[in-house]
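Chain and residue survey
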Amino acid sequence: MRKLFKSFLFITLLLSFITAVSANIQVPTPQENTWVHDYANVISDAQEQAINEKCDELDVKGYAQLNIVTVEFLDGNSVTDYGTTLFNEWGIGDEESNNGVLILLSVGDRELGFMQGKGLETILPSSDLGTMADEVAVPLMSEDNYADGLVAYADAIHTHLMDYHNDDEVIPSEPVSDEVLAQQYYDEFMDGVKKTLLYFVLFVVFIVVAFQFILFATARFGRRYHRPYVDSRTIHHGRPVHRHTSSSRPAPRPSRSFSSSSSRSSSPSRSSSSRSSSRSNGGGSTRGSGGSRKF
């Protein structure tokens, strides 16, 4: 139970940290009528036009919306966090197909980041984006040829998507029958039911775990701060002592045969002895328990 609580607490803190980091990232405002946002001023007008032509063709065909962004520094943020915030705030990609692609270059940090929308995860996975970056972009950027590297990278992405759609383009020879459509609708409906049931089960598990944690915390708090019952008969020399719980009665005290002066002289030592014994018997301790490339 303690390990489960630690895992839950770690996930909560991690999500809070990610949210706080995203809230502190300040991204620039996108420029209009262009796919190239050169805030680091490393791309010439001719190179920007060449990239825009490739991006326009991809957008017209509906294959992807490719955005190239350059900045001088990431202000201490990782290229993944900065790119994710920029991707979401700009709304890169078509709303329905989610086909956005972001290439982010930080010149001062010498880091190249790349990410794509969920609609392109199978067509243009991060592994392919990383391979293309290693082959055509990073070698040029390592020699400070940032613009040439971005042009080559945009060309590689354009070629990849064009080849994919040209190879996989299928023209149906006959219309789809009503039975096939009905089966497709049924499959989509069952997928939705399965997802709903899964979410419901996860919600129930979360409620049960949270309830168990509350019970555990309440019981532990109660044991820690519960004060034992002490009555007047358990007081000895001004300090509480534990009463005997066994069924046998304690042995009777021996009769005193010494004088009153002897009794008075021995009382302080006995009192001191009992106090020291009381101090030594107490206590104990409670033990708490996308992708990027450098160049």
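See above for the structure.
Okay, so let's go over this structure. Chains are numbered independently. Their residues run from 1 in the order of the written sequence. Whole-chain, interface and lining totals are the exception, using all residues; otherwise, since this is a predicted model, local features are given only for residues with pLDDT of at least 70 and side-chain atom pairs are given and counted only at 80 or more. Hydrogens and water are ignored here; the side-chain numbers use all heavy atoms of the structure.

Numbering of helices and strands runs from the N terminus; a helix is a DSSP stretch of H or I covering at least four residues, while a strand is a stretch of E covering at least two. Helix and strand counts for the protein stand at seven helices and seven strands. Along the protein, from the amino end to the carboxyl end, the secondary structure elements read α-β-α-β-α-β-β-α-α-α-β-β-α-β. Summed over all atoms, the accessible surface of the protein reaches about 20,900 Å², with 55% contributed by carbon and sulfur. The Shrake-Rupley method, run with a 1.4 Å probe, gives the accessible areas here. Residue values count only the displayed protein chains as cover.

Moving on, we come to the environment of Gly 100. For Gly 100, the position within the fold is in strand 3 (residues 100-106). Residue classification places Gly 100 among the buried residues on the basis of a relative accessible area of 0%. Residues Gly 100 and Leu 66, spaced 34 residues apart in sequence, show a C-alpha to C-alpha distance of 6.1 Å. What Gly 100 contacts, discounting residues up to four positions off in sequence, is Gln 65, Phe 87, Ile 92, Gly 93, Met 115, Gln 116, Gly 117 and Leu 120. The cut-offs for exposure are 20% and 50% of the maximum accessible area for each residue type, with area from a 1.4 Å probe on protein chains only; residues under the lower value are buried, those over the upper are exposed, and the others partly exposed. A contact between two residues is defined here by any heavy atoms of the two lying within 4.5 Å.

Let us now look at the sheet that holds strand 4 (residues 111-116). Strands were regarded as paired on the criterion that DSSP finds at least two bridges between them. Ordered in space as 1-2-3-4-7, the five strands form an open sheet in which the pairing is mixed. Two strands bound the open sheet, and with one partner strand each, they are strand 1 (36-38) and strand 7 (292-294). For this sheet the average axis-to-axis angle between neighbouring strands, irrespective of direction, equals 10°. Pairing of strand 2 (residues 65-71) with strand 3 involves seven bridges; the strand directions are parallel. Lines fitted to the C-alpha atoms define the axes, with helices restricted to the stretch that makes contact. Angles between their N-to-C directions range from 0 to 180 degrees.

So, on to unusual backbone geometry. If you check the backbone angles, Asp 75 has positive phi at about 60° while not being a glycine. Examined against the element boundaries, Asp 75 turns out to sit in the loop between strand 2 and helix 3 (79-90). The exposed category is assigned to Asp 75, whose relative accessible area is 61%. We note that Arg 110 has phi near 50°; this positive angle belongs to a residue other than glycine. Within the secondary structure, Arg 110 is located in the loop between strand 3 and strand 4.

So, about the side chain of Gln 116. On the secondary structure map, Gln 116 appears in strand 4. Side-chain polar atoms of Gln 116 contact the backbone oxygen of Leu 124, separated by 2.8 Å. Polar contacts here mean pairs of N or O atoms no more than 3.5 Å apart (in protein, one a potential hydrogen donor and the other a potential acceptor; neighbouring residues in sequence count only if both atoms are side-chain atoms). Polar contacts involving the side chain of Gln 116 include one to the side chain of Ser 126, which spans 3.5 Å. Look past the residues within four positions of Gln 116 in its chain and what remains in contact with it is Phe 87, Gly 100, Val 101, Glu 121, Leu 124, Pro 125, Ser 126 and Leu 129.

The next point concerns the pairing of strand 2. Consecutive residues of a regular strand have side chains that alternate between opposite faces of the sheet. When you tally the buried positions in strand 2, you get seven out of seven residues, the bulk of the element. Residues Gln 65, Asn 67, Val 69 and Val 71 of strand 2 are buried on one face, and the alternating residues Leu 66, Ile 68 and Thr 70, pointing to the opposite face, are buried as well. Inspection of the sheet shows strand 1 paired to strand 2 by three bridges, in the parallel sense. Considered in strand 2, the bridge of Val 36 is made with Ile 68.

With that settled, consider the pattern of salt bridges. Think of a salt bridge as a Lys or Arg side-chain nitrogen and an Asp or Glu carboxyl oxygen that are within 4 Å of each other. Throughout the structure, instances matching the rule amount to one salt bridge. Across the pair Arg 110 and Asp 144 runs a salt bridge, and its minimum N-O distance is 3.0 Å. Highlighted residues: Arg 110 in the loop between strand 3 and strand 4 and Asp 144 in the loop between helix 4 (126-141) and helix 5 (146-168), separated in sequence by 34 residues. By relative accessible area, which is 26% here, Arg 110 ends up partly exposed.

To estimate how far a helix should reach, multiply one less than its number of residues by 1.5 Å. Taking 1.5 Å as the rise per residue, helix 3 with 12 residues should run 16 Å; its terminal C-alpha atoms sit 16 Å apart, in good agreement. Where helix 3 is concerned, the buried positions are Val 79, Tyr 82, Gly 83, Thr 85, Leu 86, Phe 87 and Trp 90. Positive backbone phi, approximately 70°, marks Gly 91, located one or two places after helix 3.

Counting residues in hydrophobic clusters, the biggest one holds 37 residues, and the most contacted among them are Ile 103, Leu 112, Tyr 153 and Ile 157. With 10 residues, the top contributor of residues to this core is helix 5. Setting aside chain neighbours within four positions, we find Ile 157 in contact with Leu 66, Ile 103, Leu 124, Leu 129 and Met 132. By nonpolar core is meant a set of buried Ala, Val, Leu, Ile, Met, Phe, Trp, Tyr and Cys residues that side-chain atoms within 4.5 Å join together. If you look at the next biggest cluster of nonpolar residues, it comprises 14 residues, including Ile 25, Leu 74, Val 79 and Phe 87.

Take the pairing of strand 3 next. Across the seven residues of strand 3, seven count as buried, placing the element largely inside the fold. Neither face of strand 3 is left uncovered, since the one carrying Gly 100, Leu 102, Leu 104 and Ser 106 and the one carrying Val 101, Ile 103 and Leu 105 both have all their residues buried. Between the parallel pair strand 2 and strand 3, the chain is carried across by helix 3, and the sense of this crossover is right-handed. Where strand 3 lies against strand 4, six bridges are found, and the strand directions are antiparallel. Note that in strand 4 the partner of Val 101 across the bridge is Gln 116. Between strand 3 and strand 4, which follow one another and run antiparallel, lie four residues, and Arg 110 among them has a positive phi close to 50°. By definition, the crossover connecting two strands over a helix is right-handed if that path, from the first strand to the second, turns clockwise as seen with the strands pointing away from the viewer.

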